[in-house]
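Listed below, chain by chain, are the residues.
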Amino acid sequence: THILMCMFFSVRETGVPGGNLGIHGENMQTPHRKGKGLFAKKSIKKGENIFTERPLVSAQFLWNTLYKYKACEYCLRALETAEQNARRLSGNPGLSLPHPELCKVRPELHQACPQCQVMYCCSECRQAAAEKYHRVLCLGPTEDNPDHPINKLKDAWRSIHYPPETSSIMLMAKMVAAVKQGQLALLHSLFTSALFDEHLSRWFVPEGFRSLFALVGTNGQGIGTSSLSQWVHACDALELPVQQREQLDSFIDQLYKDIDKETGDFLNCEGSGLFILQSTCNHSCIPNAEASFPDNNFLLHLSALCDISPGEEICISYLDCCQRDRSRHSRHKILRENYLFSCSCPKCVSQMEEQDVTSEEEEEAEAEGETEGDEMEDEMTDV
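Residues numbered from 1 in each chain as written. Predicted model: local features only at pLDDT ≥ 70, side-chain atom pairs only at ≥ 80, totals over all residues. Heavy atoms only, no water.

**Some details on the overall build of the protein chain**
Inference 1: Per the secondary structure count, the protein chain includes 15 helices and ten strands.
Inference 2: Across the 383 residues of the protein chain, 46% fall into the buried class.
Inference 3: Intrachain contacts of the protein chain at a sequence separation of at least 6 include 72% that bridge at least 24 residues.
Inference 4: Only carbon and sulfur atoms are counted for the fraction: they give 52% of the accessible area of the protein chain, which is about 19800 Å². (Helix = DSSP H or I, 4+ residues; strand = E, 2+ residues; numbered from the N terminus. Buried < 20%, exposed > 50% of the residue type's maximum accessible area, 1.4 Å probe, protein only. Contact = heavy atoms within 4.5 Å. Areas by Shrake-Rupley, 256 points an atom, 1.4 Å probe, with all protein chains shown as cover.)

**Some thoughts on the packing of helix α3 (residues 82-90) against helix α10 (residues 242-262)**
Inference 1: Put simply, α3 and α10 touch, their axes get as near as 7 Å, and they point 50° apart. In this view, α3 runs oblique relative to α10, as classed from their interaxial angle. When α3 is examined against α10, the residues Ala-86, Leu-89 and Ser-90 are found in contact with a partner set consisting of Leu-255, Asp-258, Ile-259 and Glu-262. (Axes fitted to C-alpha atoms, helices over the stretch in contact; angles between N-to-C directions. Parallel < 35°, antiparallel > 145°, perpendicular 65-115°, else oblique.)

**Considerations on the pattern of salt bridges**
Side-chain pairs of opposite charge can arise where the charged atoms are in close proximity.
Inference 1: Inspection of the entire model under this criterion finds six salt bridges.
Inference 2: Put simply, Arg-88 and Glu-80 hold a salt bridge, and the shortest N to O gap is 2.8 Å.
Inference 3: Arg-88 sits in the partly exposed class, given a relative accessible area of 26%.
Inference 4: For Glu-83, the salt bridge goes to Arg-87, with nearest N and O atoms at 3.2 Å. Separated by four residues within a single helix, Glu-83 and Arg-87 lie in helix α3, roughly one turn from each other.
Inference 5: Exposure remark for Glu-83: the relative accessible area of 24% places this residue in the partly exposed category. (Salt bridge = Lys/Arg side-chain N within 4 Å of Asp/Glu carboxyl O.)

**Thoughts on helix α4 (residues 123-137)**
Inference 1: Relative to the 21 Å expected for 15 residues at 1.5 Å per residue, α4 spans just 18 Å between its end C-alpha atoms, considerably shorter than the ideal helical length.
Inference 2: Along its length, α4 reaches its greatest deviation from straightness, about 70°, at Glu-131.
Inference 3: Listing the buried residues of α4 in full gives Cys-125, Ala-128, Ala-129, Tyr-133, His-134 and Leu-137.
Inference 4: Check the buried side of α4 and you find it contacts β6 (119-120), α5 (149-160) and α6 (169-180). (Expected span 1.5 Å × (residues − 1). Bend = angle between axes of the 7 residues up to and from the residue.)

**A word on the packing of α4 against α6**
Angle between the axes and distance between the axes: these two values describe a pair of packed helices.
Inference 1: The interhelical angle for the contact between α4 and α6, taken along N-to-C directions, is 105°, at an axis separation of 8 Å. Considering their axes alone, α4 and α6 lie roughly perpendicular with respect to each other. Facing Lys-132, Tyr-133, Val-136 and Leu-137 of α4, the residues of α6 in contact are Met-170, Ala-173, Lys-174, Ala-177, Ala-178 and Lys-180.
Inference 2: Grouping the amino acids of the contact of α4 with α6 by side-chain chemistry returns seven nonpolar, no polar and three charged. (Nonpolar A, V, L, I, M, F, W, Y, C, P; charged D, E, K, R; others polar.)

**Considerations on the state of the cysteines**
Inference 1: Following the criterion strictly, the structure yields zero disulfides and no others.
Inference 2: In this model Cys-75 remains outside any disulfide bridge; the closest cysteine sulfur is found in Cys-121, 3.7 Å from its own.
Inference 3: The buried category is assigned to Cys-75, whose relative accessible area is 3%. (Disulfide = S-S within 2.5 Å.)

**A closer look at the packing of aromatic side chains**
Inference 1: Under the counting rule described, the total for this entry stands at seven aromatic pairs.
Inference 2: The ring of Tyr-69 carries Arg-88 above its face, with NZ or CZ at 4.3 Å from the centroid. (Phe/Tyr/Trp six-rings, centres within 6.5 Å; stacked < 30°, edge-to-face > 60°. Lys NZ or Arg CZ within 6 Å of the ring centre and 35° of its normal.)

**Remarks on the sheet that holds strand β9 (residues 289-292)**
Inference 1: Read from one edge to the other, the open sheet built from three strands follows the order β3-β10-β9, with strand pairing classed as antiparallel. Strands at the two margins of the open sheet, each flanked by one partner only, are β3 (49-53) and β9. When strand polarity is set aside, the average angle formed by the axes of neighbouring strands in this sheet is 20°.
Inference 2: Looking at chain direction, β3 and strand β10 (residues 300-304) are connected through four bridges and run antiparallel. Paired with Thr-52 across the strands is His-301, a residue of β10. (Pairing = 2+ DSSP bridges.)

**Focus on α5**
Inference 1: For α5, which comprises twelve residues, the first-to-last C-alpha distance of 17 Å matches the rise-based estimate of 16 Å (1.5 Å per residue) to within 8%.
Inference 2: Listed as buried for α5 are Ile-150, Asn-151, Lys-154, Trp-157 and Arg-158. Taken down its axis, α5 places every buried residue within 120° of arc, on the same side. Seen from the buried face of α5, the exposed residues on the opposite side, beyond 90 degrees, are Pro-149 and Ile-160. (Arc of directions from axis to C-beta.)

**Brief notes about the sheet that holds strand β4 (residues 57-60)**
Inference 1: One open sheet holds the three strands; their spatial order is β4-β8-β7, and the pairing between them is antiparallel. Among the strands making up the open sheet, the edge pair consists of β4 and β7 (221-225). On average, each strand axis in the sheet is inclined to that of its neighbour by 30°, with strand direction left out of account.
Inference 2: Direction of pairing for β7 relative to strand β8 (residues 269-274): antiparallel, over a ladder of five bridges.

**Thoughts on the nonpolar core**
The nonpolar side chains of a soluble globular protein tend to be buried with one another.
Inference 1: With 60 residues, the main nonpolar core has Ile-50, Tyr-74, Leu-302 and Ile-314 as its most contacted residues.
Inference 2: Here this core takes seven residues from α6, the largest share from any one element.
Inference 3: Counting 20 residues, the second-largest nonpolar core is a separate cluster that includes Ala-78, Ala-82, Val-105 and Val-232. (Core = buried A, V, L, I, M, F, W, Y, C linked by side-chain atoms within 4.5 Å.)

**As for the environment of Ser-309**
Inference 1: Tracing the chain through its elements places Ser-309 in the loop between β10 and α11 (321-324).
Inference 2: Residue classification places Ser-309 among the partly exposed residues on the basis of a relative accessible area of 41%.
Inference 3: On a C-alpha basis, the gap between Ser-309 and Ser-43 in space is 4.8 Å, while along the polypeptide they are 266 residues apart.

Bear in mind that shape data such as this cannot, by itself, settle questions of function.
So, in structure tokens, the structure goes:
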């Protein structure tokens, strides 16, 4: 079930280029082919929540799982308490967090699949997974058997997709499993937009498999959850005397320094999901909306970054903040390699006269990844 606030927006055809115009390479690489876009029906104020949406399907990244980032198999909610999370990430098993009551993780509610012991944050998630796809994907007592076909599939994916991860083969596996369990109605709109017919056999021939692979690769939305991050936000909201506030802030600053030294940038339980409504949002290098996951699970909240007028298209950015600050040439290179289109948002149009060069720092980074980038471009062209 998708949680929508439909008085705010409408979905309609648009000529604005973006990564969600379709899943065939030629469609996405043609800037002015018609596709879907999200448009405001009324005025939306900065900071206002435009909609909240559940994913059609989601999955934790496989390397993230392998490195013991514990998340609910269904909703990706972090399963470690904030203190357990901080101890693991900092490498300090004796660490104690102040204000432990601010942690929202409830281990007493966690449940395991009785057959394979995969963990869920609650009985509702375990039941939902079983009803939608897990009966097909459950490995039972062979969960740790490296020779099981699904485990071989996971190993093969990890061998060609190293961190930082952007997608998971298990998204595709869950989609197929959902169909096998009779979830056809749930996937009807996906079939129509992705494969242009409703014949499941298309998924299992090379053309259909490439289409499905492209759908996951170009429309997947990253999901990040963290019990520690939630605890920190709760600490920030506390009203404390000045001295206690300074002590708490100092503790948190030192904790993040210790984590950075021990673990680096990989702090969250990470995965990706396919969101039907969010996937209609086109890209802009100056977005007026952004997605976030404040509930520490897979529920996506789309919020306005600025005031949005009636009739204005609601756009997100497929680039992170640092990437958006790079030159037009560099932004287009990233978008072509990962989403198969060239952007013509107002920012890109205003910079059309700029030379197709990057800064020295960008050139060095691109030179290091030139071979890998060429290989990726070849693969995307084949899609």
